[in-house]
Amino acid sequence: MVVAAQAKRHAAQVVRRLRKAYPDAECALKFSTPLELLIATILSAQCTDVRVNMVTPALFRSYPNAAAFAAAPRADLETAIQSTGFFRSKAKNIQECCRLLVEKHAGVVPQRLEDLVQLPGVGRKTANVVLGTAFGQASGVVVDTHVTRISRRLGLTEQSDAVKIEADLMKVLPRKEWIGFSHRLIHHGRRICIARKPKCGECTLADICPRIGVA
Ligand code: SF4
């Protein structure tokens, strides 16, 4: 109990500092509908958000809804997303995902985690991104490579599996922080707590971070 209370106090301090450092942090992917965010998130696997944002404006003009993505010639879609990498599997996932959206959800992105994770190419992380950012629903904590690395360095988890890390974070963070916490940690990971050489000297968390695993 004492350990759990300490962990929550530590997490609360981290939340407060990050809120102050990044008051306006939000999802870096550009989108105007839940479907666009879903597609952009699928494209962002193994790719930077900057690169995805270069590709999506023309992509969303060419394919304005799920039916249009589903009906697109595969080769055309592959060409349109080629620069995001892994374009063959991404094109396949996008088309199968959109086909299922049309068949089972009238072309509309569902607002339930259980439905979202049934879609091809959509795991818990993508589902949490869509629910949190497009619908404002705190279904969980988005765990990407930045959240994984920094949560471990901060001692918020000892796990390396994303689902287990998410479970640890959900235990110590109040639900109302779940969405913003991920956005802020991702910002922090890009600017300060970078993978190879974290800038601990410039870090707002320096005095409360145990720097686990940092050389
Ligand atoms: S003190 Fe260093 S390791 Fe800890 S969060 Fe800041 S940059 Fe990362």
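Refer to the structure presented above.
What this report covers is the structure whose coordinates are included nearby.

So, how was this worked out
- Chains are numbered independently. Their residues run from 1 in the order of the written sequence.
- Residue-level local features of this predicted model are given only where pLDDT is at least 70; pairs of side-chain atoms are given and counted only at 80 or more, and the full residue set underlies all totals for whole chains, interfaces and linings.
- Only heavy atoms go into the side-chain values, all of them from the structure, while hydrogens and water stay out.
- Counted as salt bridges are all cases of a side-chain nitrogen of Lys or Arg within 4 Å of a carboxyl oxygen of Asp or Glu.
- Ring geometry is summarised as follows: Phe, Tyr and Trp rings, the Trp one being its six-membered ring, pair when their centres sit within 6.5 Å, and such pairs are stacked at plane angles under 30 degrees, edge-to-face over 60 and tilted between the two.
- Any residue under 20% of the maximum accessible area for its type is buried, any over 50% is exposed, and the rest in between are partly exposed; the area is computed with a 1.4 Å probe on protein chains only.
- We call a residue near a given molecule or strand whenever any one of its heavy atoms falls within 4 Å of it.
- Lining residues are those with an atom within 4 Å of a point, where the points come from a 1 Å grid over the protein atoms alone and group into cavities, where a 1.4 Å probe fits but cannot get out, or pockets, open sets with protein on both sides within 12 Å along at least five of seven lines.
- More than half of a molecule's atoms lying within 2 Å of a cavity's or pocket's grid points is what places that molecule inside it.
- Residue polarity follows a fixed list, in which Ala, Val, Leu, Ile, Met, Phe, Trp, Tyr, Cys and Pro are nonpolar, Asp, Glu, Lys and Arg are charged, and the others, Gly among them, are polar.
- Only buried residues count toward a nonpolar core. Its members are Ala, Val, Leu, Ile, Met, Phe, Trp, Tyr and Cys residues joined through side-chain atoms within 4.5 Å.
- Segments assigned H or I by DSSP are reported as helices when at least four residues long, segments assigned E as strands when at least two residues long, and all are numbered from the N terminus.
- Any pair of residues with heavy atoms lying within 4.5 Å of one another is described as a contacting pair.
- Grid points are joined across faces, edges and corners, and a volume is the space filled by probe spheres set on the points.

Taken as a whole, this structure holds 10 salt bridges when the rule is applied. In this structure, Asp115 engages Arg112 in a salt bridge whose closest nitrogen and oxygen atoms are separated by 3.0 Å. Shared partners join several salt bridges into a network, and the residues in it are Arg19, Lys176 and Glu177.

For the rest of this paragraph, the subject is the packing of aromatic side chains. Counted according to the given criterion, the structure contains 1 aromatic pair. Note on Tyr63 and Phe69: the rings are 5.2 Å apart at their centroids and 35 degrees apart in plane angle, and the pair reads as tilted. Phe69 gets classed as buried once you look at its relative accessible area, which sits at 1%.

This next bit is on the site of the ligand. Near the ligand, the surroundings consist of Arg153, His188, Ile192, Cys193, Pro198, Cys200, Cys203, Ala206, Cys209, Arg211 and Val214. In this structure the site holding the ligand corresponds to the largest cavity. Partitioning the shell around the ligand into residue classes produces 8 nonpolar, 1 polar and 2 charged.

Moving on to the nonpolar core. Counting residues in hydrophobic clusters, the biggest one holds 37 residues, and the most contacted among them are Leu35, Leu38, Ile39, Leu59, Phe69 and Ile94. Counting residues per element, the ones that place at least two in this core are helix 2 (34-43), helix 3 (49-62), helix 4 (66-71), helix 5 (74-81), helix 6 (87-105), helix 7 (113-116) and helix 8 (124-135). Broken down by element, the residue count for this core peaks at 7 residues, all from helix 2. By size, the runner-up hydrophobic cluster in this structure holds 27 residues, among which are Ala11, Ala25, Leu156 and Cys203.

Right, let's talk about the environment of Ala25 for a bit. Mapped onto the elements of the fold, Ala25 is located in the loop between helix 1 (2-21) and helix 2. A residue is classified by how much of its surface remains accessible, and Ala25, at 14% relative accessible area, is buried. C-alpha of Ala25 to C-alpha of Cys193: the two residues are 168 residues apart in sequence and 16 Å apart in space. Setting aside its immediate chain neighbours within four residues, Ala25 contacts His183, Arg184 and His187.

Any empty space left between atoms is shown by rolling a water-sized probe over those atoms. One pass over the structure, following the stated rule, counts 1 cavity of 30 Å³ or more. Residue lining of the largest cavity: 15 residues in total, with His188, Cys193, Cys200, Cys203 and Cys209 positioned closest to the centre. Residue composition of the lining of the largest cavity, grouped by class: 11 nonpolar, 1 polar and 3 charged.

Let's shift gears to helix 2. Here helix 2 lies mainly inside the structure; 9 of its 10 residues are buried. All buried positions along helix 2 are accounted for by Leu35, Glu36, Leu37, Leu38, Ile39, Ala40, Thr41, Ile42 and Leu43. In this structure, the buried side of helix 2 is in contact with helix 3, helix 4, helix 5, helix 6 and helix 8.

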